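# Topology and contacts: notes
What follows is the residue order along each chain.
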Amino acid sequence: MKYLISFCLLMFASWMPVHAASTETLLEQLTTTKLSKLPDIVEQLAAQEDESLLPVFRAWLAGDLHYVKDSNAIVVEIDVQGNDAYVDPFTQVQLEGISSKDVKKIKVNNKLRGLLRGVIARLQLTSNNADVREGAVRELLADVDEDTFAALENLYPKESNNDVKEMMQTALSIYTAMDKSSSQTSRVAAIEFLGGSLENDVRNALLKLSRDSNEAVAAAADKALVNINRQVERYALVDQLFFGLSLGSVLLLASIGLAITFGVMGVINMAHGEMIMLGAYTTYVVQLVMPNYIDYSIWVAIPAAFLVSGLMGVLIERLVICRLHGRPLETLLATFGISLILQQLVRTIFSPLNRQVSTPSWMSGSWEINPVLSLTLNRLYILAFALLVFLALVFILKKSSLGLNVRAVSQNRSMAKAMGVKTEWVDAMTFGLGSGIAGIAGVALSQLTNVGPNLGQAYIIDSFMVVVFGGVGNLLGTLVAAFTLGIANKFLEPTTGAVLAAILVLVFIILFIQKRPKGLFPQKGRAAE
Amino acid sequence: MSAFDNSIQGLRETFRRDQVWPFLAPEQAAKVDVSNQMILYVEGLNLSFDGFKALNDLNLYVNDGELRCLIGANGAGKTTLMDVITGKSKPDAGSVFFGQTHNLLTKDEADIAQLGIGRKFQKPTVFEEQTVFDNLELSLKTDKRVLPTLFACLSPTEVDRIDEVLSIIGLKQQRFMKAGALSHGQKQWLEIGMLLVSDPRLLLIDEPVAGMTAQETERTAELLTSLAGERTVIVVEHDMEFVRSIARTVTVLHQGSVLAEGTMDQIQSNKDVIEVYLGEEAAEV
Amino acid sequence: MIAMNKVSQLYGGTQILWDLDLDIEPGSITCIMGRNGVGKTTLMKAIMGLLPIKSGEITMNNQALHKLSAERRAYEGIGYVPQGRDIFPMLTVEENLRIGLPVRKSKEIPEKIFELFPVLKEMLHRRGGDLSGGQQQQLAIGRALVLEPKVLILDEPNEGIQPNIVKQIGDVILKLNEEEGLTVILIEQKLGFARRVGKEFRLMEKGRIVAADKMENLNDDLIKQYLAV
Amino acid sequence: ADDTIKVGVLHSLSGTMAISETTLKDTVLMMVEEQNKKGGLLGKKLEAVVVDPASNWPLFAEKARELITEKDVDVIFGCWTSVSRKSVLPVIEELNGLMFYPVQYEGEESSKNVFYTGAAPNQQAIPAVNYLKDELGVERWVLAGTDYVYPRTTNKILEAYLKDMGVAEEDIMINYTPFGHSDWQSIVADIAKFGSEGKKTAVVSTINGDANVPFYKELGNQGISSEDIPVVAFSVGEEELSGLDTAPLVGHLAAWNYFQSVETKENEEFITQWKAFTKNPDRVTNDPMEATYIGFNMWANAVKKAGTTDVDAVEQAMIGQETPNLTGGVAVMNKNHHLSKPVLIGEIQDDGQFETVWKTEGVVPGDAWSDFLPGSKDLIADWTDPVKCGNYNTETKTCSGQNY
Amino acid sequence: MSKLINWFSEGRSSGKYTLPFVILLLAVTVLASAANLLLPQDSALYVSTYSITLLGKYLCYAMLALAVDIIWGYCGILSLGHGAFFALGGYAMGMYLMRQIGDRGVYGHPILPDFMVFLDWQELPWFWHGMDQFWFAMIMAVLVPGLLAFVFGWLAFRSRVTGVYLSIMTQALTYALLLAFFRNEMGFGGNNGLTDFKEILGFDLQADSTRVSLFIITAILLAVVLMLSQRILSSRLGKVTLAVRDAEARTRFIGYRTERYKVWLFVYSAVIAGVAGALYVPQVGIINPGEFSPINSIEVVIWVAVGGRGTLIGAIIGALLVNYAKTRFTAIMPDGWLFALGALFVLVTLFLPKGLIGLYGQLKSKRQPASSQEVTS
Ligand SMILES: Nc1ncnc2c1ncn2[C@@H]1O[C@H](COP(=O)(O)OP(=O)(O)OP(=O)(O)O)[C@@H](O)[C@H]1O
Ligand SMILES: Nc1ncnc2c1ncn2[C@@H]1O[C@H](COP(=O)(O)OP(=O)(O)OP(=O)(O)O)[C@@H](O)[C@H]1O
Ligand SMILES: [Mg+2]
Ligand SMILES: [Mg+2]
């Protein structure tokens, strides 16, 4: 292998400009050059057009490229079951006896990353994987220069995959359209082709073209832009709706437990936020326990959080709430006290600092529907998850006797007893269920926001707002309220800014309650008066 | 007169010293116009809940000073009718007039109560946290606006009136007990007492003798008959003996409309009434 | 069947029941009477376990009842129709009836209830709180019957019920008593109904039982002494 | 007792600010312990007096008064938010106390009784913008901040500065969000859109505290990498990053006077000491800690120099004090009660540390009054004779707003 | 006038502890003030200025608690937003104090407060005009909270919003105000609020005598408000209020326009809160939007509950006690005081259902258990 490389190097060196150094010396220089001078070396390395350098570039981009202090040999850091190990970039052979103390990182910064990405893209134009090729071409759209154009033109006829072909043609068209030396008709034709693409770089190119001195070209570009913009706007609306839904799903998750403890049981549960917080911390602990299985940690965390928060809920119910029957307002006082205690408890155990909860790889990134519309995966999962939890809860309350019993207990405790309902058990179970669900919400929220002692505080007010807005005691109301508020917020935000949007939503709630003093879905009937 | 003079005149009128501005003048508790002898007109009332017709084209006329008994099967709409009259529920259609002039449907509960329509609820509702005495004091016929209430003092006549009522309802000993601690029957009496002190023109009484002993029932009957004449009383009751002992005219409701109306004897022999309400046996008595 | 021995009970600082003794025969229909506020309802709540007693004991078939919680007593076979009905207002009629099903270990509401009170079937999906007073009363009785109790406590069951249904309720009580040997404790103010349905009576005054006998022996003297105002 | 010198610690240990401030409380405690090991000061032991103002601003004032009058402390290390400092200020001035404020802030203040050891805007914001412009070729700017005074001022200064440099109005986007904002979807989408118009774009973030985590998470999730749109933050340090999965943030920037990753002897010692003190090998250090460190050491030196803990004497002794920075070089306390310090720009790495990518040549003196705000152009602070004023107008030669 | 005096003297009988309490309150105030001003610093009985400001602050909180108790304890309206009225009163006072600074601000601008110069405002916003007059500012301090309470109450009570719906709306109100006042564009100094006050009516705010005067004024106003409220609540209006609390619909059926009663009581309570806020600001030296935070308002409710809901004195005692506990705990155990405070709340709810005031009754009834029996027999 080594020989092969040196052979190649010799080959290249023979027709490279004289000042160009060999790959080997360039790599050698990596270990000594200052950060600000590194871009030069990248350029020179790129000029080698050597595919075998790809792993080096990739590792560098990822910040994994190191060199051994003694030998100046370039190595790549990999992760073997949570420990650092080092491999040779060219052979991928693991190098024994090197530990993190023996190596030093080859620095990388934004400028370098940008360069490296371009270099990698160029090298990947001939990759075996069609997706990679498409990505590579897209990467190059930003500035298609003569070389790229030539390379692409060369590759185009050989390309078999249609998507890649289209992307290539887009790149070619950009070049043609921008190229003042080509004929007006071919430029206009190229622009017309570009009109069908939503790629950002295409739009930027068209923007430039619309100021072109050639009037026909400028007109064509304008036309294409109008068309593109119309589509972009349509997708922006979809995007906004998605933002609204996903904010709604967060609100739903945060408030759904409260819809039980407060809405159904009538306990003004100020410690609800802390139940969410406990769930989030449970996620953190679960990830601590299984650092190598972050991807699966969520599946452990969900039941664990349910149990932790649920048991805490049962404990609170048994120790405190159960002595406050018939005194709903007092529950406010007691649970407020409990929430202070829980917050401080967490602060004492886990320190006041935020804890790090990692996002499983399958939840990060986004689902790209097209270049202008992509939905972030974690939000998407959380939306689905919120709906799932909601359905499960509705199912539990409708199908098991628990739902019926808890409503009976909250409406007339002593009569429920006289009918043989085990009120204490029902109370404990229901409060546990509500708290447990809050815990599950905590798992979801840990993916979006800080996991710290104040996590619960941030959501408690919104939660009450949602439950009340939807109509106390009505689960469906909670669902609709959460999504309404989420969407309203997100549609207001672009015009008013985040702060005003929040204020307007609050004012809207206040006014709405005037119209419907019992929320969206009020309890009806004689007894409700 | 020129327009200018007109406006001067208007201004003068506005600032006349011998009278307060109209918007400051206390609202006169408008008189109930009963020139046609009729005090309550209920016409074409319809009210449905989620598609269920609780009141169905109901017509009812009550004379001034009359004692009217309202009977009817459970769920016939008696309580609902009272709800409509007192402004608690708004009907889908129909009209309710108090005297010739007062359209009750445009007024709210407090207005209606101030016009002189008092009500006793089927399920006794009193102010549980306050004493029996306070319950009665609150029900007194007084100026019920905020400021006058703030500066109100009990006048000796009012105290006498409350005392009188306390002895009528037999709660003299419990006068300083919290109303919430009364037994069911005692609450019934208290509520009747609250009605009495408020000195209403029209009394709507929903099942006054439920939970009372026979003798108490008799006393209630006496009380109600004595009230009639000066006041108008509408009583709902299922106790036929009681109804017979007080009734002059009886109206039978069924499924939200009037089924029959007449004297007790007429009603008792009415086939329909027997079938849906009284049952064979009761009719024999 | 049910016996009470020197039961005392207080509300806050106020004593309502004073060393009260009461004995209910199995299969009897006992009518408890007394003026307003003498403590009839309180007594019933004590039997059901909704109010803690201060001293004394309550037994059912010689088994101590006063140590059990109310829900256990329901399982032991006591059914309760409270004064003022205490329907679960936001539950539908059907749900009101279903509450008691676990006690009788069955999944379906017995058809018998609807035969007794057909109106309940009509109103099955209406909220309990929306029903008229009388309908609620019927629901309350029906709800207690779902438990298939051995002892049925009825606290003024006829309050606000139309005459033909009053009669029907009387019939039902008698029928259940005869056919199934149901023991009934009935609080009733209306003498006519009490005489028709009751087999025994107990008169109460100021938290004590002051007279107990067969219903035939309820004479005007007693009535005058203990029931008149 | 009189045989100790009391050091007041006025940092929130509960409430929303506890997350940042507890660390500083521990830092002071560590410094006190360290100083006591060295034999204390003036032959006396130091004694820390800790109170909890609970993130409640009026409570800060109350606690400050308690510390000075009831607990008789000789110096206070405290405050994080500007509003807490503003709340404490009148009390300190009235009672002639001495306070060290260790956090970067909006400037526009200089009190006789306060020493500002954190960065002023010209020690953070301006160098950062210069770096972005010169090194990364940024042409479009998003100034995103939490809606309160520090971001507002900083952004005002930056806006003026950018326009001076010829940046067009439409190439600047300013956005404010409420405290603790957690739903960044639309804003990040807006930023992405703003940045997709062909010009190199960067975000200058003055987003405060807890709101950062969801902001960066959203950036990561919407796939905005640091090469596309770099974010340079002034409130995100090692501590904040330790609560965050930094993998998606690699390459975003921060401007501080200190990074934990800087390799100097002092820093290494400091870090070891800190980890030992907190008994936690994973604890990180950050810039406000360094500010506390510098402040504490300067104070100790000043007390030695003055030979007393008397506030006026120490105050005069403070000016001109020099203390080694943890990042090398020497910090100097200027006449305006602000420090001269180096400015560093670092890129976030995937281990939650910063890689220094740029550093000022020498030290930058902190400006109490910004030159870019119309109201304060002519103001200077100078606590030496003959001026002796925190708000001295060089035009009118008057000193306004002094309480003594 | 004589009618009014009559009216006052009549109510005295019902709140039999009010007068002794007021006397106690004023006596303590006078003693503490004298001890601060007259005694030398090293005297054992000397009361430090720190304590005086602390006491003054507590009394303001007590007044706020009183306001909440009137509306919650007596009228059943659980307001989770009373902090808003308090803060508005405070802002009115703060604006006055700000304008009093005049050209002595750091920028030396004759009219604009520092924070406006700083953020480059060109002229005074309209709502700042007139605030340099003490009387005008004080009118605003009661008018603005009163007006807001009136509009809000009128809307809500007329549409018969009750129970938790109302509570959450009050919470939404204060939350919205919180967000609004945080905005720098609002012209209230944003997050930093208003600080750096110098003098009030020409008196140096930092002088001990001013402090003591403010403290005494607060105590006197608290006493006045307490007696006035006691009198109002023991009048027939008070009975109507209780009736509204327990059975609003029934009250309407006997002819009371309950919404009007509620609105006026709400306004009255809001005005008290506004006054409390106005007194609070010069004593603590800062007003900032944090005061609008819903958690603050919830805390006030908790003071009332701790002291004893529906007993005016209880509210005052609760406020004093909880705040004293907070001051002590945060100093004694800065790391664990939340445990203590939380536990206090839980324990009070569990074991003192009627609050600390109820404890007195509990102890009394334990000593003489049979006393109430006579009533029935
Ligand atoms: N809010 C409501 N929602 C639904 N149905 C209602 C409501 N109010 C009343 N109803 C129905 O209207 C009917 C009439 O009820 P109402 O209470 O007027 O009867 P009533 O004549 O007073 O009977 P009773 O003698 O038993 O008291 C009943 O069937 C009841 O179920
Ligand atoms: N919650 C309570 N608190 C205090 N005292 C009460 C309470 N409930 C009832 N009482 C008192 O207990 C006594 C007995 O009440 P109870 O309800 O048992 O009477 P009752 O015999 O059922 O009367 P009625 O025939 O009117 O239903 C009454 O004098 C009443 O004042
Ligand atoms: Mg009825
Ligand atoms: Mg009874």
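Residues numbered from 1 in each chain as written. Chains lettered and ligands numbered in written order. Predicted model: local features only at pLDDT ≥ 70, side-chain atom pairs only at ≥ 80, totals over all residues. Heavy atoms only, no water.

An unreviewed UniProt entry lists chain E under the name Amino acid/amide ABC transporter membrane protein 2, HAAT family (TC 3.A.1.4.-), from Marinomonas fungiae. In UniProt, chain E has this text filed under Subcellular location (unreviewed entry): "Cell inner membrane". (UniProt positions renumbered as here; feature names shortened; annotations may be inferred.)

By the naming in an unreviewed UniProt entry, chain A goes by Amino acid/amide ABC transporter membrane protein 1, HAAT family (TC 3.A.1.4.-) and is assigned to Marinomonas fungiae. UniProt, in the comment section headed Sequence similarities (unreviewed entry), describes chain A in these words: "Belongs to the binding-protein-dependent transport system permease family. LivHM subfamily." The UniProt entry for chain A carries the following text under Subcellular location (unreviewed entry): "Cell inner membrane".

## Digging into the coordination of the magnesium ion (ligand 3)
All names here are of chain B. Those protein atoms acting as donors to the magnesium ion (ligand 3) are T79 (OG1) and Q122 (OE1), and they sit at 1.8 to 2.2 Å. With T79 in helix α2 (residues 78–85) and Q122 in the loop between β6 (117–120) and α4 (132–139), this pair connects stretches of sequence that are 43 residues apart. Judged on exposure class, the residue T79 and its partner Q122 are both buried. (Donors = N, O, S within 2.8 Å, 3.2 Å for Na, K, Ca; no water. Helix = DSSP H or I, 4+ residues; strand = E, 2+ residues; numbered from the N terminus. Buried < 20%, exposed > 50% of the residue type's maximum accessible area, 1.4 Å probe, protein only.)

## So, the domain arrangement of chain A
Residues and elements named next belong to chain A. Examined at the domain level, chain A breaks down into domain 1 (29–123), domain 2 (125–209) and domain 3 (234–358 + 375–528). On the domain 2 side, the residues contacting the 6 residues of domain 1 number 7 residues. Together domain 1 and domain 2 conceal approximately 510 Å² of surface at their shared face, both sides included; 49% is due to carbon and sulfur atoms. Contact with domain 2 buries area across many residues of domain 1, yet R117, A121 and R122 alone supply 77% of it, more than any other trio. Among the residues making up the side of domain 1 that touches domain 2, the classes are represented as 2 nonpolar, 1 polar and 3 charged. (Domains from an automatic or database assignment. Contact = heavy atoms within 4.5 Å. Buried area = accessible area lost by both parts, 1.4 Å probe. Nonpolar A, V, L, I, M, F, W, Y, C, P; charged D, E, K, R; others polar.)

## Considering the site of ligand 1
Not every one of the 23 residues close to ligand 1 is listed here, only the nearest: R526(A), K78(B), T79(B), T80(B) and G134(C). The separation between an oxygen atom of ligand 1 and a polar main-chain atom of A76(B) is 3.3 Å. Here G134(C) contributes a backbone N or O atom positioned 2.7 Å from an oxygen atom of ligand 1. In the complex, the protein chains occlude 97% of the 640 Å² of accessible area that ligand 1 would expose alone. (Near = heavy atom within 4 Å. Polar contact = N/O pair within 3.5 Å; in protein donor to acceptor, adjacent residues only side chain to side chain. Areas by Shrake-Rupley, 256 points an atom, 1.4 Å probe, with all protein chains shown as cover.)

## Observations concerning the pattern of salt bridges
Going through the model one piece at a time under the given rule, you end up with 76 salt bridges over all chains. The partner of R187(A) in a salt bridge is D212(A), and the shortest N-O contact between them spans 2.8 Å. Of the two residues, R187(A) sits in helix α9 (residues 184–194) while D212(A) sits in the loop between α10 (200–209) and α11 (215–264), which places them 25 residues apart along the sequence. Across the pair, exposure class does not vary: R187(A) and D212(A) are buried alike. With a closest N to O distance of 2.8 Å, D143(B) and R145(B) form a salt bridge. Sharing partners across several salt bridges, the network here consists of R379(A), K490(A), E493(A), D183(D) and E218(D). (Salt bridge = Lys/Arg side-chain N within 4 Å of Asp/Glu carboxyl O.)

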